[in-house]
Amino acid sequence: MRTPIVALALGATLILTGCNEDSEGLLLGEWYCSSSMGEGGKANERILYQEGGRRQSLMEMIMPVGDNTFEVRSRTEGRWSLDGAALTEVSDRVQVVNFVVDGRELNPDDPLVQSLVNGGIEGLGTTFTIEQLDNKVLVMSGSRGGCIRQ
């Protein structure tokens, strides 16, 4: 009776901390993530974590700012690394696919659009804490929110 209780407690600890010997293997593949970003903002992202620490993503974000509503769709390429439950991502290249302000589409190649999006993202590293990781669910603290594998 004691062995199952110990095994159950150990398993719960590994899932909650996101730390186990195969965390990197569990992370590899395609994830569909969604998160809320305060005051009506939301983001949906498809992320592909690849071997060798490479990642690609496609993000759709809606964000109210003052009296305006920004809608951005972008592709990102970058790197990722895992240190225990700490997942760090660095964006190397960001391509704006769509940029809409209050229903009016702007040219994604416009220097203003590029400076708003790329100036704040490319080369930026972000670290999330993995709270749960298994074959189907990835939950991180911070802005990433919850992810599922389909």
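None of the values given here were measured: they were computed from a predicted structure.

A. Broad picture of unusual backbone geometry. Positive phi, normally seen in glycine, also occurs at Asp 102, with a value near 50°. With respect to the element layout, Asp 102 can be found in the loop between strand S5 (86–101) and strand S6 (104–106). Under the relative-accessibility criterion, Asp 102 is labelled partly exposed at 45%.

B. Representation of the nonpolar core. If you look at the biggest cluster of nonpolar residues, it comprises 14 residues, and the most contacted ones within it are Leu 27, Trp 31, Tyr 49, Leu 87, Leu 138 and Met 140. Counting residues per element, the ones that place at least two in this core are helix H2 (23–27), strand S1 (29–36), strand S2 (42–50), strand S7 (125–133) and strand S8 (137–140). Top element by residues in this core is S7. It accounts for three residues. Residue contacts for Leu 27: discarding those within four places in its chain leaves Tyr 49, Trp 80, Leu 87, Leu 133, Leu 138 and Arg 149. In this structure, Ala 43, Met 61, Phe 70 and Val 113 belong to the second largest nonpolar core, which totals eight residues.

C. Main features of the side chain of Ser 74. With respect to the helices and strands, Ser 74 occurs in strand S4 (residues 68–83). Not counting the four nearest positions on each side in its chain, Ser 74 is found in contact with Ser 57, Leu 58, Met 59, Val 94, Gln 95, Val 96 and Val 97.

D. Highlighting the layout of surface pockets. Within this model, the second largest pocket holds a volume of roughly 170 Å³. In this structure, the second largest pocket is lined by Glu 30, Arg 46, Ile 47, Leu 48, Gln 56, Ser 57, Leu 58, Arg 75, Thr 76, Glu 77, Arg 93 and Gln 95. Counting only elements with at least two residues in the lining of the second largest pocket, the list comes to S2, strand S3 (54–65), S4 and S5. Residues of the lining of the second largest pocket, tallied by class, amount to three nonpolar, four polar and five charged.

Scoring rules and cut-offs
Residues numbered from 1 in each chain as written. Predicted model: local features only at pLDDT ≥ 70, side-chain atom pairs only at ≥ 80, totals over all residues. Heavy atoms only, no water. Helix = DSSP H or I, 4+ residues; strand = E, 2+ residues; numbered from the N terminus. Buried < 20%, exposed > 50% of the residue type's maximum accessible area, 1.4 Å probe, protein only. Core = buried A, V, L, I, M, F, W, Y, C linked by side-chain atoms within 4.5 Å. Contact = heavy atoms within 4.5 Å. 1 Å grid on protein atoms, 1.4 Å probe; cavity = no way out; pocket = protein on both sides within 12 Å on 5 of 7 lines; lining within 4 Å. Points joined across faces, edges and corners; volume = space filled by probe spheres on them. Nonpolar A, V, L, I, M, F, W, Y, C, P; charged D, E, K, R; others polar.

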